[in-house]
Amino acid sequence: MGSGQLVAVFGAYGHTGRFVVAELAARGFVPVLSGRNAQTLEELADEHGLEARPASVDDPASLDRALAGTAAVINCAGPFASTVGPVIEAALRARIPYLDVAAELEANLDTFAHYRERAREAGAVIVPAMAFFGGLGDLLATAAMGDWTEADEAHIAYALSNWHPTAGTRLSGAVSRERRGAHRLRYSGGKWERRTDAAPLLEWTFPEPMGPRPVIGEFTMADVVTVPQHLSIPDVTTYMTAEAARDVTAPHTPAPTATDGSGRSNQTFLVDVVVRSGGAERRATAGGQDIYAVTAPLVTEALERVLTGRTRTVGVVSAGEIFDAPDFLHALAPHITLDLVSV
C-alpha cells in the first residue's frame, strides 16, 4: 500500500481526478492536489484535509513546486494535448514517474514519439493512457496473447450501456477533432491511415448474455495506440456500441450522474478483446461499472506497481508492456469481472 507517500494529482478536481484522489487515499497514499484553479483546489483540499498546490502548464516553476517531494505524478487534466508535455517535463526534472489517463489519440501518439528515447536513456517511467481507454484494453490484449509472440489482428469491442460524457471528455474530443480535421484514424497493415470515409456500422457478437449488438467499426480509441507499441500485431481495431457512440457525440447528452455513495454512475461496460493468429483465436473480457470511476483503480494499481518495482522495463511504456497483464487484471477483481479464455 501507499505507506503515506505523496502523489501529485494534476487536474485533481476534475470528474476523473476526484475518483483518483479517493482511490489513492484509500490505498494509503497522500494525494497532493494540483491544477490551475486555485479556489476549486482549496475547496477540495479542505473537504479531504489535503494539501493544494496550484500550478499551470504555462508556468514550469509552479509545476516544479507542485511536484516537489512527491513520489510520482498522475495527470488527469485534459485536454491532454496541452498538459501532457509540460507535466512530463516537470516529472523528468523531478525524476519521478509520470502516469496519465489520456484517451486523446494525438496526445498518446505524441507521448510515445517525443519521449520514448529520452525516457529510456534517463531510466524514467512514463505510462500514458493508463485508464479505461488505452490501459484496460491493452492489458486484456496482452493477456489474451499469452505465449504468442505475434498475431495477425486484434479486435477490442466496447459495450457501454450509455455514455454520458464529462466536460473533459467533450473538450478533449473537440481538441482531437480540431487536430484531425476531416479525417479519422485507422491502424492497418502496421501503419496509421487517415481516412475521410464514414466508419462502418457492423455487428459484434459479445459473450452471452449480451450477444450480438450493432457497433461502430473503426471507432479508434487509445488502445489502438498502446497495443502496437509492444505487441507484434499489424491490424488493431476498436469498436463501440452504436447507442453509446450516439450518446457521446450528441450535443445535449447530460454529464454522468452519481447513483451510489462512491459517485459512480449507473453506466455499465463490457470490453471484449479477440486476438487472431492463423486459424487460432484467443479472447479476454472484462466488465464493470462506470468507465470514469474504474480508471481510478487502474491508474492507482499501476502507480503502486511502479513504486514497488513490479515492472518489466522503463521508458514510455504501455500497460501490458511494463506490467504482468494477467496478474494486474486479477488484482482489479474488486472492480471488474474478468474472463480470460483461449479458443
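Figured I'd write up the structure that's included with this text. As the structure is a computational prediction, the values presented were derived from the model and not from experiment. (Residues numbered from 1 in each chain as written. Predicted model: local features only at pLDDT ≥ 70, side-chain atom pairs only at ≥ 80, totals over all residues. Heavy atoms only, no water.)

## Topic: the sheet that holds strand β3 (residues 51–54)
As a reminder, the rule being used: Pairing between strands is defined by DSSP: at least two bridges between the two strands are required. Labels follow the DSSP assignment, with helices taken as runs of H or I lasting at least four residues and strands as runs of E lasting at least two, numbered in each case from the N terminus.
If you trace the 7 strands from one edge of the open sheet to the other, you get β3-β2-β1-β4-β5-β6-β15, paired in parallel fashion. Edge positions in the sheet fall to β3 and β15 (315–316), since each of these pairs with one other strand and no more. Here strand β4 (residues 72–75) pairs with strand β5 (residues 98–100) via 3 bridges, running parallel. What sits directly across from V73, in β5, is Y98.

## What to know about helix α9 (residues 242–249)
The following threshold applies: Relative accessibility under 20% of the residue-type maximum defines a buried residue, over 50% an exposed one, and the middle range a partly exposed one, all with a 1.4 Å probe and only protein chains included. Residues count as neighbours in contact if any of their non-hydrogen atoms are within 4.5 Å of one another.
Considered for burial, the residues of α9 that qualify are A242, A244, A245, D247 and V248. Buried residues along α9 sit in contact with β7 (153–160), α7 (167–180), β10 (201–205), β11 (212–216) and β12 (235–241).

## Remarks on the packing of helix α4 (residues 80–94) against helix α5 (residues 105–122)
How we decide: Angles here are taken between N-to-C directions and fall from 0 to 180 degrees, while the axes themselves are lines fitted to C-alpha atoms, restricted in helices to the stretch in contact. Any angle between 65 and 115 degrees counts as roughly perpendicular, while under 35 counts as roughly parallel, over 145 as roughly antiparallel, and the rest as oblique. Helix crossings fall into two classes, left-handed where the near helix is turned counterclockwise from the far one by less than a right angle and right-handed where it is turned clockwise. Following the grouping adopted for this structure description, the nonpolar residues are Ala, Val, Leu, Ile, Met, Phe, Trp, Tyr, Cys and Pro, the charged ones are Asp, Glu, Lys and Arg, and the polar ones are all others, Gly among them.
Running from N to C, α4 and α5 point in directions that differ by 20°, and their axes come no closer than 10 Å. One way to sum up the angle between α4 and α5 is to call them roughly parallel. Here the hand of the crossing between α4 and α5 comes out right-handed. Residues F80, A81, V84, G85, I88, E89 and L92 of α4 touch α5, and the partners they reach there are A107, T111, Y115 and R118. When the residues that make up the contact of α4 with α5 are grouped by side-chain class, the tally is 7 nonpolar, 2 polar and 2 charged.

## Section: the environment of S188
Structurally, S188 is set in strand β8 (residues 184–188). As a C-alpha pair, S188 and V32 span 156 residues in sequence and 41 Å in three-dimensional space. Leaving out residues up to four positions away in the same chain, S188 has contacts with E193, P234 and D235.

## Brief notes about the pattern of salt bridges
The test is simple: By definition, a salt bridge exists where a carboxyl oxygen of Asp or Glu is found within 4 Å of a side-chain nitrogen of Lys or Arg.
The final tally for this structure, using the stated rule, is 24 salt bridges. With a closest N to O distance of 2.9 Å, D197 and R195 form a salt bridge. You can call D197 partly exposed: its relative accessible area is 34%.

In short, geometric facts, not functional conclusions.
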